[in-house]
Amino acid sequence: PVKGFVINNFDPQHGHNGIDYGVKSGSPVFAASNGLVIFADYTSDDGYTMIIQHNEKYISIYKHLSINIKKQRDIVEQGEIIALSGNSGYNTTGAHLHFEIWEDGKVVDPQTLIIN
C-alpha cells in the first residue's frame, strides 16, 4: 500500500492489528485492491483513516494519514492513490502508515496476503 519498510509487525496479542510502514509524511498511499471506500474521515485516536471494502470477505484499513484523497462511497482500483501518509491522531509516535486487513470480520496478518 506504500513504498516503505515495515517498522512494526502484526501482533494482535499486544493490540497491534496491522503492520506499520516507516515513510515520510506526505508519501502516496495506494489501494491494496479494487473496492469501495466505506469510511474516510478523522478520528481522535487514529487520525485521518480510510477503510475500503474489497469484496464480501476483505476490508483494508489505513491509519494516521495526513489527508484522504478518496472520499466515502468512491470506487477505487488496486494501485490507485487514495491518501497521503502522515502522523495524525493520538495513537502515533511519528510519520508512518498503519495498515490492516480483515477477512470475514477477523484481523489477519497483511504480510501473508501482500504480493510485492
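Residues numbered from 1 in each chain as written. Predicted model: local features only at pLDDT ≥ 70, side-chain atom pairs only at ≥ 80, totals over all residues. Heavy atoms only, no water.

A.B. asks: Got a minute to help me understand the pairing of strand E8 (residues 81–85) in this structure?
C.D. replies: Of the strand pairs in this sheet, strand E3 (residues 28–30) and E8 are connected by three bridges, and their pairing is antiparallel. Note on E8: the bridge partner recorded for Pro28 is Leu84. Pairing between strand E6 (residues 58–68) and E8: three bridges, direction antiparallel. Residue pairing across strands places Ile67 opposite Leu84, the latter belonging to E8. (Pairing = 2+ DSSP bridges. Helix = DSSP H or I, 4+ residues; strand = E, 2+ residues; numbered from the N terminus.)

A.B. asks: I tried to follow the packing of aromatic side chains on my own but got confused; where do I start?
C.D. replies: The description of two aromatic rings rests on the distance between their centres and on the angle between their planes. This structure, assessed with the given rule, holds two aromatic pairs. Ring centres 4.9 Å apart and planes at 70° place the aromatic pair Tyr42 and Tyr48 in the edge-to-face group. Classification of Tyr42 as partly exposed rests on a relative accessible area of 40%. Tyr48 sits in the partly exposed class, given a relative accessible area of 33%. Each ring, one from Tyr62 and one from Phe99, has its centre 5.2 Å from the other, and the planes form 50°; the classification is tilted. On the criterion of sequence distance, the pair formed by Tyr62 in strand E6 and Phe99 in strand E9 (residues 97–103) is long-range, its members being 37 residues apart. Judged by its relative accessible area of 0%, Tyr62 falls in the buried class. (Phe/Tyr/Trp six-rings, centres within 6.5 Å; stacked < 30°, edge-to-face > 60°. Buried < 20%, exposed > 50% of the residue type's maximum accessible area, 1.4 Å probe, protein only.)

A.B. asks: Quick question: what am I supposed to make of a nonpolar patch on the surface here?
C.D. replies: Together, Leu36, Ile38 and Ile75 give the surface a local cluster of nonpolar side chains, amounting to about 270 Å² of exposed area. Mapped onto the fold, Leu36 is located in strand E4 (residues 35–43). Relative accessible area serves as the criterion here: at 34%, Leu36 is assigned to the partly exposed category. (Patch = residues over 30% accessible without salt bridge, like charges linked within 9 Å, V, L, I, M, F, W, Y side chains within 5 Å. Areas by Shrake-Rupley, 256 points an atom, 1.4 Å probe, with all protein chains shown as cover. Salt bridge = Lys/Arg side-chain N within 4 Å of Asp/Glu carboxyl O.)

A.B. asks: What is the right way to look at the environment of Ser60 in this model?
C.D. replies: Residue position: Ser60 is located in strand E6. The exposure class assigned to Ser60 is buried, which follows from its relative accessible area of 1%. Note: C-alpha distance between Ser60 and Ala32 (28 residues apart in sequence) is 7.4 Å. Excluding its chain neighbours within four sequence positions, the residues that come into contact with Ser60 are Met50, Ile51, Ile52, His54, Phe99 and Glu100. One polar contact links Ser60 to His54, side chain to side chain, over a distance of 2.6 Å. (Contact = heavy atoms within 4.5 Å. Polar contact = N/O pair within 3.5 Å; in protein donor to acceptor, adjacent residues only side chain to side chain.)

A.B. asks: Is there a simple way to explain the pattern of salt bridges in this structure?
C.D. replies: Side-chain pairs of opposite charge can arise where the charged atoms are in close proximity. Counted by the stated rule, this structure contains four salt bridges. When the shortest N-O distance is used, the salt bridge between Glu100 and Lys63 registers 3.2 Å. Here the residue Glu100 occupies a position in strand E9, and Lys63 occupies one in strand E6, the gap between them amounting to 37 residues. For the pair Glu100 and Lys63, one class covers both residues: buried. Linking Glu80 and Lys70 is a salt bridge whose minimum nitrogen-to-oxygen distance equals 2.7 Å. Residue Glu80 is found in the loop between strand E7 (75–76) and E8, and its partner Lys70 is found in the loop between E6 and E7; the two are separated by 10 residues along the sequence. Judged by relative accessible area, which is 24%, Glu80 ranks as partly exposed. By relative accessible area, which is 18% here, Lys70 ends up buried. The structure contains a network of salt bridges with shared partners spanning Asp46, Lys63 and Glu100.

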